Amino acid sequence: MQHFWTTARHTTLAALTAASMALGSASAESVLRIVPHADLKNLDPIWTTAYITRNHGYMVYDTLFAQDEKLNVHPQMVGKHTVSDDGLVYTFTLRDGLKWHDGDPVKAEDCVASILRWGQRDGMGQKLMDFTKEVKAVDDMTFTITLNEPYGLVLDSLGKISSNTPFMMKKEYAEIDAFEQVTEVVGSGPFRFAKDEWVPGSKVVYLKNEDYVARSEPASGAAGGKVVNFDRVEWIYIPDPATAMNALINGEVDFWETPAVDMVPLLEQNGNVELAVVDPLGTQGWLRPNHLHPPFDNPKARRALLYAVNQATYLQAIVGDPKLYKECAAYFICGTPNESNVSVEALQSHDPEKARQLLAEAGYKGEKIILMQSTDIPLLNNAALVTAQVLRDIGMDVEVQAMDWSTLTSRRAEMKKPADGGWNIFHTYATGADATSPIANIGVSGGGVEKAWFGWPTDEETEMLRDRFAREADSMKKKAIIDELQARLFDHLVPYVNYGQWFQPVAWRKGLKGVLVSPVPFFWNISKDAG
Amino acid sequence: MYAYIARRLLATLPVMAVVGIAVFMLLHLTPGDPAVVIAGDYARPEDIEKIRERLGLNEPLHVQFFSWMGALLAGDLGTSIFSNLPVAKLIGQRLEPTLALAIATIIFAILIAVPMGVVAAWKAGTLTDRVIMVFAVLGFSVPVFVIGYAMMWLFSITLGWFPVQGYKPIGEGFWPFLHSIALPTVALGVIYVALIARITRASMLEVLTEDYIRTARAKGLDNNALLIRHALRNASVPIVTIIGIGIALLIGGVVVTESVFNIPGLGRLTIDAVLRRDYPVIQGVILIFSGAYVIVNLLIDLSYTVLDPRIRY
């Protein structure tokens, strides 16, 4: 029987090869085929925070600064920069040879317009703009950022790796209203966007930008030389995980950005596929209580959640494979300079009795808890089911309301009482890259209904500590502020309960080399063994 | 006849109008806000409001409706909220794979199912009949994605005969096109083979007991002529009806097959648009589906006059 299949396979392959040669379809172009995590729906990485659009941004645009694999910030488009003695004037000079895809040189005025547009949309950008008096082009190659008062995160902001990354756009596009989508893609990055070949929902094609001048340093994270080794990179969107796995095994694609965790064992057994975790920061789970309404308007009820949650249970339910997750209580991601172990005991103790006691002290009298469950995202669906049981175990009356993610994102903006169409709890997650600092991590804001993220935690002391962190330039002092802030978050505010940290593996065909360690997938530096 | 066709075509207008109103209202009354999806997790309420304003989503519902209807009457299906591409272009890009898959499936199903049904009726009560009917029951019972994955494992992974996924337009050559669409066609076709074979068998069994069949047989007509010219033709009205319903169901029902074999068709466009609340795309696709249903039904009705001369409009 085996002989029959083998013979049949060889015969057919020979016939197909002959047919293919007869059709003259052979091509000398080198192509890297990727299965991205999502479909590219829009092209403007400032207009939307969607990670797929951020990844598209890295293909076609470039950044002034960039973070390496250890999250240190390095110049990218910038050749040199200086800071005045009073810390108020930052002067940036662009590298030589930078060109837009239409052939025009990159100018300082393009960067000024790009920074201003980004500063309207991004959280860290808005914070930077709060401290900024003026952004001005000095000449074609030089521009300055003048601050009102010293701010410790200027370069961190300009080099932030995740959404909204401050990509540089040509002035005529960067001057488009920040709330309007830029639909033409003229970047200065290592790839050009082949708009004619773009089929939303199916395929995105990038061509090597022959004019791109890569930095001389080796590539590391988003920083260093962006050397492209392929003529074309094709993103082939395959929404079905089983099909994506089969396409990778069959050699129809080279790289799969987000293999489903339950398919990892199958991929591990395949001799033609390699698996690795290249995002050391991983993803952090958030159980978000609504701080506006009882019982979670009371700090004791929120602290009860800390004692009730057992990260291991959640991680088992949503990831399963212990190699791919880590119990980590720190708010600002384990494995980063901002990891802290201060005040983590409540979350690590898993003490349902203590949780019940705190609930009683908070005055909980059996009110219904509205738990929003997003059924179309398996991971969040599972997390919600675990939470429902955890809350019931500590004596809460839980009503699980199932809905899709789009509905949940609208409903969570409701500030009404839970019984009137509001809510008490929902789940989400943040990539490590978005949660490593008190400024980038929107979940820890205590700005209340005016400034805080959905759930609206309110705490002046938290905001004061975040503000101190933003102004501080000294790394030791920053670390001390992190410890102080984390203590406040655990002991009082509990803006969200971190239900664990997990790591998404990526998979690629054997023979692919140079995959960079980073929370964002980059397709420069990668090469393929001949044959 | 022509007056009938004209009447039927005119009757599609109110149908489409009702569909349009119903779809618009349903979508806008469903929770979910594309502005929130666009703005992302970290957006401030005022940012979301600005996006809503730019997209015209903060206008009263009736204003949005008349604006959409006005554009529609001028032949403009609108622009996708997310990709900013014309809906007509998005549908155009996706129409060919869906139509190709639907047509290939129905041709495959007819070619296999009608002879199966005729043979099952002719050999009614025998082992052949039972084997065919067991296949028909299986065809109904096994979900299309199970058949799809099983075929993918055997013909793509194990034998390497066909690609796992993707679609080659017919413009790139008939062989690559056929190569890309063969597995999805068979996977999707199995259920229709089962359906049409059962109806063909039932319809043929009824006709085969008629007096004129007995007379034809008594006159010494050979089996082929008897079955095809006399029996099948007279049994064809219900068969054509079920084929027509099959085509209509296929147009809207290929989404699972499109997902399993990664074919960028209208089914996947619709699902993606629904999940993101891309209103103009959903509305456009549903209108196209509705139009297709109406036209397929009209064609079925017209085919009756050809198959059965007693039917007149």
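The rules behind each value
Residues numbered from 1 in each chain as written. Chains lettered and ligands numbered in written order. Predicted model: local features only at pLDDT ≥ 70, side-chain atom pairs only at ≥ 80, totals over all residues. Heavy atoms only, no water. Helix = DSSP H or I, 4+ residues; strand = E, 2+ residues; numbered from the N terminus. Buried < 20%, exposed > 50% of the residue type's maximum accessible area, 1.4 Å probe, protein only. Contact = heavy atoms within 4.5 Å. Areas by Shrake-Rupley, 256 points an atom, 1.4 Å probe, with all protein chains shown as cover. Lys, Arg positive; Asp, Glu negative; His and termini not counted. Charge placed at Lys NZ, Arg CZ, Asp CG, Glu CD. Pairing = 2+ DSSP bridges. Core = buried A, V, L, I, M, F, W, Y, C linked by side-chain atoms within 4.5 Å.

**Student:** Quick one: what's the story with the overall build of chain B, residue by residue and with numbers?
**Tutor:** What chain B contains, in helices and strands, is 13 helices and zero strands. When its helices and strands are written in sequence order, chain B yields α-α-α-α-α-α-α-α-α-α-α-α-α. If you line up chain B on its principal axes, its C-alpha atoms span 85 × 55 × 35 Å. When the 313 residues of chain B are sorted by exposure, 46% land in the buried category. Taking all contacts inside chain B whose residues are at least 6 apart in sequence as the whole, residues at least 24 apart take part in 73%. Accessible surface computed for chain B: about 14700 Å², of which carbon and sulfur atoms make up 70%. Charge separation in chain B, taken as the distance between the mean sites of 23 positive and 20 negative side-chain charges, equals 11 Å.

**Student:** I'd like a rundown of the environment of Ala66 of chain A, residues and numbers included.
**Tutor:** All names here are of chain A. Checked against the element boundaries, Ala66 lands in strand β3 (residues 65-67). Note on Ala66: relative accessible area 2%, which makes it buried. With 17 residues separating them along the chain, Ala66 and Thr49 place their C-alpha atoms 18 Å apart. Once residues within four sequence positions are removed from consideration, Ala66 is found in contact with Asn72, Val73, His74, Gln76, Gly159, Ala222 and Ala223.

**Student:** Could you give an account of the sheet that holds strand β11 (residues 203-208) of chain A, naming the residues involved and the relevant values?
**Tutor:** All names here are of chain A. Here we have seven strands laid out as an open sheet, ordered β10-β11-β12-β1-β13-β21-β14, and mixed in their pairing. Every other strand in the sheet has two partners, leaving β10 (191-193) and β14 (273-276) as the edge strands with one partner each. As defined by bridge partners, β14 adjoins strand β21 (residues 506-509) across four bridges and the pair is classed as antiparallel. Within the sheet, the bridge partner assigned to Glu274 lies in β21 and is Trp508.

**Student:** Describe the nonpolar core, naming the residues involved and giving the relevant values.
**Tutor:** Formed by 186 residues in total, the largest nonpolar core has its most connected members in Leu64, Leu158, Tyr206 and Tyr499 of chain A. Broken down by element, this core gets its largest block of residues, ten residues, from helix α13 (residues 279-307) of chain B. In this structure, Leu248 of chain A together with Ala109, Tyr192 and Ala197 of chain B belong to the second largest nonpolar core, which totals 64 residues.

**Student:** Give me the lowdown on unusual backbone geometry, citing residues and values where you can.
**Tutor:** All names here are of chain A. Cis peptide bonds are those with omega within 30 degrees of zero, and the linkage from Ser163 to Asn164 qualifies with -20 degrees. One can find Asn164 in the loop between α5 (154-158) and β9 (167-168). With an omega dihedral of 0 degrees, the bond running from Pro294 to Pro295 counts as a cis peptide bond. Following the sequence through the fold, Pro295 ends up in the loop between β15 (283-289) and α9 (299-308). At His350, a position not held by glycine, the phi torsion is positive, near 45 degrees. Considering the arrangement of structural elements, one finds His350 in the loop between α11 (345-349) and α12 (352-361). Overall, the relative accessible area of 36% leaves His350 in the partly exposed class. If you check the backbone angles, Trp456 has positive phi at about 50 degrees while not being a glycine.

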